[in-house]
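Next come the chains, spelled out residue by residue.
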Amino acid sequence: MVAKQATSVIPIVFAAAGDPVGTGLVASLARPGGNITGLSIQQTDVAAKRLELLREVVPGLGRLAILGNVGGAAVLLDMREVQAAARTLGLEVIASEIQRGEDIAPAFEALKGRADAFYVCIDPLVGTHRIRINTLALAARLPTMHGSREFVEAGGLMSYGPNVADLFRRAGDYVDKILRGAKPGDLPVEQPTKFDLVINLTTAKALGLTLPETLLARADEVIE
């Protein structure tokens, strides 16, 4: 969004926007308009799928905590979508809103005994503090769901989301087309085609969870 405000002339290609239409980055996916186009990770579209996966891991899941940096427009959209999907599944929702790193520990303190699982909305702030978040979640005995592999590498239980490396490779195609004369506003925003399910088996064992073999078989990667 900062780049959009800085120029309306220089072509801009984004590789992993959370919700480019919902946040006002582009006019529509089919016709972005202006000088911006690229690829969306469509965070809000996979919220329900992530909750279904969580329920496989935590069969008695009844109370879901959602952590998100409410200073980000895409995160707010993601939190609303998760809340709607959770309520459809009959889950009680607890929103843990943060805006800086110092808010993370108090957010966990407020959750003591109130949640069965923890959904983390991705953004740069939580990405920076992902090890701390996962350490606190493990101490609180909370299974975590994330949107990217990096969080699972940092000790999170599981993630389901677009393959970011694939998105960045595809972003190169946009740059090539623009350099050949295409207008960014005429190039439709593309959505992910490859999604990865990553599970940290070490974290599962530390939480005392026995993961279904059917789930492990579907995983794109199991970290041990």
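Keep in mind it's a predicted model, so treat the numbers as computed, not measured.

Rules used in this analysis
- Residues numbered from 1 in each chain as written.
- Predicted model: local features only at pLDDT ≥ 70, side-chain atom pairs only at ≥ 80, totals over all residues.
- Heavy atoms only, no water.
- Helix = DSSP H or I, 4+ residues; strand = E, 2+ residues; numbered from the N terminus.
- Rg over C-alpha atoms; globule rule 2.2 N^0.38 Å.
- Buried < 20%, exposed > 50% of the residue type's maximum accessible area, 1.4 Å probe, protein only.
- Contact = heavy atoms within 4.5 Å.
- Areas by Shrake-Rupley, 256 points an atom, 1.4 Å probe, with all protein chains shown as cover.
- Lys, Arg positive; Asp, Glu negative; His and termini not counted.
- Charge placed at Lys NZ, Arg CZ, Asp CG, Glu CD.
- Pairing = 2+ DSSP bridges.
- Phe/Tyr/Trp six-rings, centres within 6.5 Å; stacked < 30°, edge-to-face > 60°.
- Core = buried A, V, L, I, M, F, W, Y, C linked by side-chain atoms within 4.5 Å.
- Polar contact = N/O pair within 3.5 Å; in protein donor to acceptor, adjacent residues only side chain to side chain.
- Expected span 1.5 Å × (residues − 1).
- Axes fitted to C-alpha atoms, helices over the stretch in contact; angles between N-to-C directions.

A. Spatial organisation of the overall build of the protein. From N to C terminus, the protein includes 10 helices and nine strands. Since a compact globule built from 224 residues should have a radius of gyration of about 17 Å, the 18 Å found for the protein is in line with a globular shape. Taken across its 224 residues, the protein has 50% of its residues classed as buried. In the protein, the share of contacts with a sequence separation of at least 24, taken over all contacts with a separation of at least 6, comes to 68%. As presented, the protein carries roughly 10,600 Å² of accessible surface, and 53% of it is formed by carbon and sulfur atoms. Of the side chains in the protein, 23 bear a positive and 25 a negative charge, and the two mean positions are spaced by 1 Å.

B. Examining the pairing of strand 5 (residues 117–120) more closely. The alternating pattern of strand 5 places Ala-117 and Tyr-119 on one face and Phe-118 and Val-120 on the opposite face, and all of these are buried. Bridge count for strand 3 (residues 63–69) against strand 5 is four bridges, and the pairing is parallel. If you follow Ala-65 over to strand 5, its bridge partner there is Phe-118. Here two bridges tie strand 5 to strand 6 (residues 144–146), and the two strands are oriented parallel to one another. Residue pairing across strands places Phe-118 opposite Thr-144, the latter belonging to strand 6.

C. Local environment of the packing of aromatic side chains. Across all of its chains, the model carries two aromatic pairs by this definition. Ring centres of Phe-108 and Phe-118 lie 4.8 Å apart, and the angle between their planes is 40°; on these two criteria the pair is classed as tilted. Of this pair, Phe-108 sits in helix 4 (residues 104–110) while Phe-118 sits in strand 5, and the two are 10 residues apart along the sequence. Among the residues examined, Phe-108 registers a relative accessible area of 7% and is labelled buried. You can call Phe-118 buried: its relative accessible area is 0%.

D. Examining the nonpolar core more closely. Core analysis: the largest hydrophobic core is formed by 33 residues, its most contacted members being Leu-51, Leu-64, Ile-66, Tyr-119, Met-158, Leu-197 and Ile-199. Contributions of two or more residues to this core are made by helix 2 (47–57), strand 3, helix 3 (73–88), strand 5, strand 7 (158–162), strand 8 (195–200), helix 9 (201–206) and helix 10 (213–218). Other than its neighbours up to four places away in sequence, Ile-199 contacts Val-152, Leu-157, Met-158, Leu-211, Leu-215, Leu-216, Ala-219, Glu-221, Val-222 and Ile-223. In terms of nonpolar packing, the next biggest core, distinct from the first, is built from 17 residues, Ile-94, Ile-98, Ala-107 and Leu-142 among them.

E. How the structure looks around the side chain of Asn-134. Its place among the elements puts Asn-134 in helix 6 (residues 130–139). There is a polar contact of 2.9 Å between the side chain of Asn-134 and the backbone oxygen of Phe-151. Here Ala-154 takes part through its backbone oxygen, which lies 3.4 Å from a polar atom of the side chain of Asn-134. When near neighbours in sequence (up to four residues on either side) are disregarded, Asn-134 contacts Thr-144, His-146, Phe-151, Ala-154, Gly-155 and Gly-156.

F. Spotlight on the environment of Ala-85. Within the secondary structure, Ala-85 sits in helix 3. Among the residues examined, Ala-85 registers a relative accessible area of 13% and is labelled buried. Setting aside residues no more than four positions away along its own chain, Ala-85 makes contact with Ala-48 and Leu-51.

G. Looking closely at helix 3. Relative to the 22 Å expected for 16 residues at 1.5 Å per residue, helix 3 spans 23 Å between its end C-alpha atoms, a close match to the ideal helical length. Where helix 3 is buried, its residues touch helix 2, strand 3, strand 4 (92–98) and strand 5. Directly beyond the C-terminal end of helix 3, a positive phi value near 80° is found at Gly-90.

H. Highlighting the sheet that holds strand 7. Read from one edge to the other, the open sheet built from seven strands follows the order 4-3-5-6-7-8-9, with strand pairing classed as mixed. A single partner strand is all that each edge strand has here, and the edge strands are strand 4 and strand 9 (221–223). Between one strand and the next, the sheet's axes are offset by a mean angle of 20°, whatever the strand orientation. Across the sheet, helix 2 lies against strand 3, strand 5, strand 6, strand 7 and strand 8, angled at about 155° from strand 7, the strand it touches most. Its contacts with the sheet put helix 6 on strand 3, strand 5 and strand 6, and the angle it makes with strand 6 is roughly 155°.

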